[in-house]
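Residues per chain, in single letters:
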Amino acid sequence: MADAAGPGTGPTPRFPVPAMPAPPVGVVGLGQLGGSLAAALVAAGRPVAGWDVDPAARDAAAARGVRITRELSGVVVLAVPLPLMATALDGLDVDPDATVTDLGSVKRPVLEQLGRALGSRYVGGHPMCGTERSGHAAVDAGLFTGARWALCLEPGTELPRWLRVAEVALAAGAEVVPVTAAEHDDAVAAVSHVPHLLAAALAAAAGRAGPLALALAAGSFRDGTRVIGSDPAFVRAMVDGNAGPTAAALARVQEQLARPWAELVADGHAVATRPRGRRAVRVPLDRAALLALGRAGGAVTRRLAAFVEGRLPDDGLPDDAVPDGGVPGPA
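An account of the accompanying structure is given in this report.

Definitions and cut-offs
All residue numbers refer to positions counted from 1 along the written sequence of the respective chain. Whole-chain, interface and lining totals are the exception, using all residues; otherwise, since this is a predicted model, local features are given only for residues with pLDDT of at least 70 and side-chain atom pairs are given and counted only at 80 or more. The side-chain values count all of the structure's non-hydrogen atoms but skip hydrogen atoms and water molecules. Note on pairing: DSSP must find at least two bridges between two strands before they are called paired. Helix and strand assignments follow DSSP, with helices taken as H or I runs no shorter than four residues and strands as E runs no shorter than two, numbered in order from the N terminus. Contact criterion: two residues are considered in contact whenever any of their non-hydrogen atoms come within 4.5 Å of each other. Note on definitions: angles span 0 to 180 degrees between N-to-C directions of axes, and those axes are lines fitted to C-alpha atoms, for helices only across the stretch in contact. Among the buried residues, those of types Ala, Val, Leu, Ile, Met, Phe, Trp, Tyr and Cys that are joined through side-chain atoms within 4.5 Å form a nonpolar core. Exposure is judged per residue with a 1.4 Å probe applied to protein chains only, and the accessible area is read against the type maximum: over 50% gives exposed, under 20% gives buried, and values in between give partly exposed. A pairing counts as a salt bridge when a side-chain nitrogen of Lys or Arg comes within 4 Å of a carboxyl oxygen of Asp or Glu. Throughout, the term roughly parallel applies to angles under 35 degrees, roughly antiparallel to angles over 145, roughly perpendicular to angles from 65 to 115, and oblique to all others. Crossings are assigned a handedness: left-handed for a near helix turned anticlockwise from the far helix by less than a right angle, right-handed for a clockwise turn. Each residue gets one of three labels, nonpolar for Ala, Val, Leu, Ile, Met, Phe, Trp, Tyr, Cys and Pro, charged for Asp, Glu, Lys and Arg, and polar for the others, Gly among them. Comment: arc refers to directions from the helix axis out to C-beta atoms. Polar contact is defined as a pair of N or O atoms within 3.5 Å, subject to the rule that within protein one atom must be able to donate a hydrogen and the other to accept it, and that residues adjacent in sequence are counted only when both atoms are side-chain atoms. Between 30 and 60 degrees the pair is tilted, below 30 it is stacked and above 60 it is edge-to-face, where a pair is any two Phe, Tyr or Trp rings, Trp via its six-membered ring, whose centres lie within 6.5 Å. A ring has a charge above it when a Lys NZ or an Arg CZ is no more than 6 Å from the ring centre and no more than 35 degrees off the ring normal.

Another aspect to go through is the sheet that holds strand β3 (residues 25–28). On the basis of which strands lie adjacent, the open sheet formed by six strands has the order β5-β4-β3-β7-β9-β10 and parallel pairing. Strand pairing shows two members of the sheet lacking a second neighbour, β5 (67–68) and β10 (122–123), which therefore form its edges. Relative to strand β4 (residues 48–51), β3 runs parallel, the two sharing four bridges. The residue of β4 that forms the bridge with Val27 is Gly50. Sheet contacts for helix α1 (residues 32–43): β3, β4 and β7 (75–78); angle to β3, the most-contacted strand, approximately 160°.

Looking at where Ile228 falls in the secondary structure, it is placed in the loop between α7 (219–225) and α8 (232–241). Spatially, the C-alpha atoms of Ile228 and Ala200 are 5.7 Å apart, while their sequence positions differ by 28 residues. The residues touching Ile228, leaving out its near neighbours within four places in the chain, are His196, Ala199, Ala200, Ala203 and Val235.

Turning our attention to the nonpolar core. Core analysis: the biggest nonpolar cluster contains 44 residues, and Leu37, Trp149 and Trp162 have the highest contact counts within it. Counting residues per element, this core draws most heavily on helix α4 (residues 159–171), which supplies eight residues. Other than its neighbours up to four places away in sequence, Leu37 contacts Val27, Val77, Phe144, Trp149, Val168 and Ala172. Among the nonpolar cores identified, the runner-up in size contains 22 residues, and Val76, Leu82, Ala88 and Ala98 belong to it.

The subject of this paragraph is the pattern of salt bridges. As enumerated under the stated definition, the model contains 15 salt bridges in all. Here Glu175 makes a salt bridge to Arg278, at a shortest N to O gap of 2.7 Å. Here Glu175 is found in strand β13 (residues 175–179), whereas its partner Arg278 is found in strand β14 (residues 278–284), with 103 residues between them in sequence. Of the residues examined, Arg278 reaches a relative accessible area of 34% and is grouped as partly exposed. What emerges from the salt-bridge pattern is a single network uniting Arg148, Glu175, Arg278 and Arg311.

The next point concerns the pairing of β14. Residues Arg279, Val281 and Val283 of β14 are buried on one face, while the alternating residues Arg278, Ala280, Arg282 and Pro284, pointing to the opposite face, are not. Summarising the sheet, β14 and strand β16 (residues 307–313) pair through seven bridges and their orientation is antiparallel. Note on β16: the bridge partner recorded for Ala280 is Arg311.

At a minimum axis distance of 10 Å, the contact between helix α5 (residues 181–209) and α8 shows a crossing angle of 130°. Taken together, α5 and α8 sit at an angle that is classed as oblique. Helix-helix and strand crossings are classified by hand; for α5 and α8 the assignment is left-handed. Together, Ser192, His193, His196 and Leu197 of α5 and Phe234, Val235, Met238 and Val239 of α8 make up the contact between the two elements. Partitioned by chemical class, the residues of the contact of α5 with α8 number five nonpolar, three polar and no charged.

Relative to the helices and strands, Val77 is located in strand β7. Put simply, Val77 and Leu103 are 26 residues apart on the chain and 7.3 Å apart in space, counted from C-alpha to C-alpha. Excluding residues that lie within four positions of it along the chain, Val77 makes contacts with Val25, Gly26, Val27, Val28, Leu37, Thr101 and Leu103.

Okay, helix α2 (residues 55–63) next. Taken residue by residue, α2 has Ala57, Arg58, Ala60 and Ala61 as its buried positions. Looking straight down α2, one finds that the buried residues subtend no more than 165° of arc, so they occupy a single side. Opposite the buried face of α2, at more than 90 degrees from it, the exposed residues are Asp59 and Ala63. On its buried side, α2 packs onto β4 and β5. Capping the start of α2, Asp54 holds a side-chain oxygen 3.0 Å from the backbone nitrogen of Ala56, two or three residues further along. Two residues or fewer past α2, Gly65 is found with a positive phi of approximately 100°.

Another aspect to go through is the packing of aromatic side chains. Enumeration over the complete set of coordinates arrives at one aromatic pair. The ring centre of Trp51 lies 4.4 Å from the NZ or CZ of Arg58, which sits over that ring.

Written out as structure tokens, the structure reads:
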């Protein structure tokens, strides 16, 4: 461990040095997300252990190089459905100093549950990837490549633990977006949870339109309804667990649908086709600076000793959009 200057006047935090051996990773739940994460980390050379209540999932993960055990340490990742988060560690032998994170699609309820039990050892996370498929047969070691991985940085989060979880996400090929749980839930309500409800509404309305409509359905209908092919229990747990922000986001969509159609189409087209260039920045290991990066639409792409490298949308944001030391990085 190496000393690094921290914000405020409190004790100097001791950050993990990237050159030091990375801690092992334990994955609880070896279905699509957990199994894909374990496979990606094995491919990246990280030591990975795992457990699943399903023997078939355990066998499939073992065939991919995962050590199957109930004894977990280092960074422990909970890749289980939202209703099972509170009991996911029951019956497992987890190192009392292990950092625990999760892959749940809602963060405030999980923070309330696991934060109460684990305190500052818990770091909430949510990779923005996955498909409508589920289970160990849907495992894909490349699932996280290029994906955004929201990683919660609360006032009580220990930054060294946050960095260790960020290293896991980066090793899997993802980019890390620093957020708070509340910010995460508000944002994903708009871009993930409401789209699931809209997909359900489109599919149900087309079903009522009759067999001819379904027979003529092509690419736009298929793309617009793909996500509702997910397990209904998963979708219900997601939207019910984030009911307030999802209702507010759905109300904003309804307001948009009430606009003149020409205006709505033009504005939607402008958002969907906006420029997507990005520019590199360097951000110090400081909570305010990291959160500012996430709020500006940026993400961490690389961990170094005293700072992280990341990217911001190249849409005219000034360099001081990321305060407290964010500076342009190498091209």
